[in-house]
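A closer look at the structure
Each chain is listed here by its residues.
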Amino acid sequence: MSMRVAGALVVHELTERVRDRWVLVVTGLFVLLASGIGLYGRAAEDSAAAVTAPSLVTLCAFLVPLVALVLGHDAVVGERERHTLGLLLSLPVGRGEVLLAKFVGRAIALSGSIGLGLGSAALLVQGGQRQVLVELLLPTMLLGAVFLSLGMLLSTVARRHATAASMAVALWFILVFFYDLGLLGALVATGGAISNDVVTWLVAANPAGLYRTTLLVQLSGTAALEEAGILLSLPGSLVQAALWFGWIVVPLAIGALLLTRRRAVTA
Amino acid sequence: MNVSLSGIVVQFGKVTALSGVDLDLQAGEVAVLAGPNGAGKSTLMSVLLGLVEPDAGHLFVDGVDLLEAGTRAHRHFREDLGYLPEAVAFAENLTGRQVMRFFAMARGVKRSKVDDVLERVGLSDARSRAVRGYSRGMRQRLGLGVAILSEPDLLVLDEPTGGLDQQGLSLLWDVLKEYKDAGRRVLMSSHDLTLIERRADCVHILSAGKVKASGTPDMLRRLAGLAVRVRVELQDPSRMEGLAGSLSEDLMVPVDLGEREVGLSIPPSALFQMFRTVESQDAEVSQLRVEEPGLDAVYERLLEAP
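Residues numbered from 1 in each chain as written. Chains lettered and ligands numbered in written order. Predicted model: local features only at pLDDT ≥ 70, side-chain atom pairs only at ≥ 80, totals over all residues. Heavy atoms only, no water.

1. Describing the overall build of chain B
Across its full length, chain B carries 12 helices and 14 strands. On the principal axes, the C-alpha backbone points of chain B span a range of 70 × 45 × 35 Å. Expressed as a percentage of the 306 residues in chain B, the buried residues total 50%. Excluding contacts between residues fewer than 6 apart, the proportion of contacts in chain B whose partners are at least 24 apart in sequence is 69%. Distance from the positive charge centre (35 side chains) to the negative charge centre (44 side chains) of chain B: 8 Å. (Helix = DSSP H or I, 4+ residues; strand = E, 2+ residues; numbered from the N terminus. Buried < 20%, exposed > 50% of the residue type's maximum accessible area, 1.4 Å probe, protein only. Contact = heavy atoms within 4.5 Å. Lys, Arg positive; Asp, Glu negative; His and termini not counted. Charge placed at Lys NZ, Arg CZ, Asp CG, Glu CD.)

Now the structure itself:
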């Protein structure tokens, strides 16, 4: 890999995102909502783990995948439609490396937005409670990276920007909204006949579900789930790490393969 | 660096974009691809740039077939290649300087050179403005700056004259001259053959994915066999009628006749005969101008040829 070109591409991506009004608006919105939650938690005078952190997890579980998908979906198809892809690929760099560099640049920008949002909420809670919110940073950044990777895969699959955008929104609805509803519906419909192991793996199979469930269990325990008749034994941290890694790497690898194998990359 | 393409075939579904195209890029030469829309000019450039993988053919660089050697070899070739795409575009929210700095970093060019190149392409004053505020000509200049930034051995310019004003064109001609003088290579495509006529060393006329004709502008003129226009002005207007009468042969058709001047359309092969006829009239010639047909007319004729 040409580190010089890849490094330049990462810096270029980052510079572009920092000057992107859409990214600035979304970051501002995230900071505003997270600060609101932080202020509410402070006024409730409850522990951050009980009020602020679960609310932030819910906010992040909805907002971060959407922002990441929107950020990733035009990485390749957008460049192609803007007629900038040919010039980019005329540089001495492989197509897969271009995709990877774009991912890294965008992931840094996304992580910055997440850091600003969660950081602003952490600043507003009581000193001793901050650690709870700081611990949300890494899983939330991982969640963002997964959906960014999925968005970039869509960007290499789609021939048109509008198609990639539609696919991104559909994927967000499926994984963030309908997946959990479908799972609950299946549990109710079968009268709990689905085994806990299967439920556990179905939860773990969806990054948004795993993020939300893991953090909520970590913050509030399993009591609420047990009351609903769900006994989850989430995968251990090594398996979870492997899952997060796979969700990030596999879509990117498929995207890179598709891009590399495309005969006419700018057509 | 010796670069040649041979037997390039590109098929997009049922459409044949290129059908066995050969192309040699000689050192110190400006090669021009000409042809109507859809002739395959941009596709041929894309093959050279590695943006389109051909169905068949070879891309030899210093004797190595890059299409056989794989992507790493092609990546190495692109180290020494500058490209200006047709309707060049950049990230709209970046400034001209940021765009140039990115390409400088990617091509391993010193950052200090960025401002020099921006000045050279006449964008010094606009360097801190976002590209979204650039006119088409300014974008084209920025694209040209990006292409020549690393002083590559091979410059690939797709319709480089589009949107350029006279100053921009002068800049382009300077670049072409520098490349020729330095023994480097330029491959460019253009619709405006009249504009590039004096700068082209070799013109390849493409039609429906095939090379219809190749050669220097003079070779193509000969190949097209188009008549040249000759204007003969006599010192003594009373001799005009006699001269016009003697010229009314099949090969020398007077196209207009003035009081002192006659305009002729004649095949190049009949030029010598025309001079002798004029001389035989014993009339004092005050002016004689031979106008060769423009390259655009040659192009039209060669495209029509079976």
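2. Examining the overall build of chain A
Assigned secondary structure in chain A consists of 13 helices and 0 strands. When its helices and strands are written in sequence order, chain A yields α-α-α-α-α-α-α-α-α-α-α-α-α. Whereas a compact globule of 267 residues would reach a radius of gyration of roughly 18 Å, chain A reaches 20 Å, a difference of no more than 12%. Judged by the C-alpha coordinates and their principal axes, chain A covers about 60 × 45 × 30 Å. Scored against the burial criterion, the 267 residues of chain A give a buried share of 50%. Sequence-distant contacts, at least 24 apart, represent 82% of the contacts inside chain A between residues at least 6 apart. Accessible area of chain A: about 11600 Å², with a carbon and sulfur share of 70%. The distance from the centre of the 17 positive side-chain charges to the centre of the 14 negative ones in chain A is 16 Å. (Rg over C-alpha atoms; globule rule 2.2 N^0.38 Å. Areas by Shrake-Rupley, 256 points an atom, 1.4 Å probe, with all protein chains shown as cover.)

3. Observations concerning the packing of aromatic side chains
Residues and elements named next belong to chain A. Applying the stated criterion across every chain, the model contains 8 aromatic pairs over all chains. Between the aromatic rings of Trp-244 and Trp-247, the centroid separation amounts to 5.5 Å while the plane-to-plane angle is 75 degrees, which identifies the pairing as edge-to-face. Residue Trp-244 and its partner Trp-247 are both found in helix α13 (residues 237-261); the two are separated by 3 residues, about one turn of the helix. Of the residues examined, Trp-247 reaches a relative accessible area of 16% and is grouped as buried. Site record: aromatic cluster; members linked through ring pairs are Phe-62, Trp-172, Phe-173, Phe-177 and Phe-178. (Phe/Tyr/Trp six-rings, centres within 6.5 Å; stacked < 30°, edge-to-face > 60°.)

4. Quick notes on the environment of Val186(B)
Residue and element names in this part refer to chain B. Its location among the elements puts Val-186 in strand β8 (residues 185-189). When the C-alpha atoms of Val-186 and Leu-81 are compared, they prove to be 9.9 Å apart, with 105 residues separating the residues in sequence. Residue contacts for Val-186: discarding those within four places in its chain leaves Glu-29, Val-30, Ala-31, Leu-155, Leu-157, Leu-176 and Tyr-179.

5. Considerations on the domain arrangement of chain B
All names here are of chain B. Parsing chain B into structural domains produces domain 1 (3-217) and domain 2 (223-304). Counting residues at the interface gives 13 residues for domain 1 and 8 residues for domain 2. Taking both partners together, domain 1 and domain 2 bury about 860 Å²; carbon and sulfur atoms supply 72% of that area. When the area that domain 1 buries against domain 2 is broken down by residue, the three leading residues are Leu-193, Glu-197 and Ile-205, summing to 45%. Viewed at the interface, domain 2 and domain 1 are joined by 0 salt bridges. (Domains from an automatic or database assignment. Buried area = accessible area lost by both parts, 1.4 Å probe. Salt bridge = Lys/Arg side-chain N within 4 Å of Asp/Glu carboxyl O.)

6. Points about the interface of chain B and chain A
Listed as interface residues are 32 residues of chain B and, on the opposing side, 31 residues of chain A. Contact with chain A buries surface across chain B, with Leu51(B), Arg75(B) and Phe102(B) losing the most and accounting together for 23% of the total. Connecting chain B to chain A are 3 salt bridges. Connecting chain B to chain A are 14 residue pairs in polar contact (both at pLDDT 80 or more). If you list the elements that add at least two residues to the side of chain B that touches chain A, you get β1 (3-12), α3 (71-78) and α4 (96-106) of chain B. No other element matches the 5 residues that α4(B) contributes to the side of chain B that touches chain A. A breakdown of the residues in the side of chain B that touches chain A according to their chemical character gives 19 nonpolar, 6 polar and 7 charged. (Polar contact = N/O pair within 3.5 Å; in protein donor to acceptor, adjacent residues only side chain to side chain. Nonpolar A, V, L, I, M, F, W, Y, C, P; charged D, E, K, R; others polar.)

7. A few points about the side chain of Glu13(A)
Residues and elements named next belong to chain A. Its place among the elements puts Glu-13 in helix α1 (residues 3-18). For Glu-13, a relative accessible area of 1% translates into the label buried. For Glu-13, the contacting residues outside a window of four places in its chain are Glu-79, Ala-101, Lys-102, Gly-105 and Arg-106.

8. Observations concerning the sheet that holds strand β2 (residues 15-25) of chain B
Residue and element names in this part refer to chain B. Taken in spatial order, the 4 strands of this open sheet run β2-β1-β4-β5, and their pairing is antiparallel. One side of each edge strand has no neighbouring strand; the edge strands of this open sheet are β2 and β5 (64-65). Pairing analysis gives 2 bridges linking strand β4 (residues 56-61) to β5, with the strands arranged antiparallel. Bridge pairing in β5 links Phe-60 to Asp-65. (Pairing = 2+ DSSP bridges.)

9. Looking at unusual backbone geometry
The phi torsion at His83(A) lies on the positive side, around 65 degrees, for a residue other than glycine. Residue His83(A) is classed as exposed on the basis of its relative accessible area of 52%.

10. Thoughts on the pairing of strand β3 (residues 29-34) of chain B
On a regular strand, each side chain points to the face opposite its neighbour's, so the side chains alternate between the two faces of the sheet. All names here are of chain B. The buried fraction of β3 is high, at 6 of 6 residues. Residues Glu-29, Ala-31 and Leu-33 of β3 are buried on one face, and the alternating residues Val-30, Val-32 and Ala-34, pointing to the opposite face, are buried as well. Pairing between β3 and β8: 5 bridges, direction parallel. Looking across to β8, one finds that Val-32 is bridged to Met-188.

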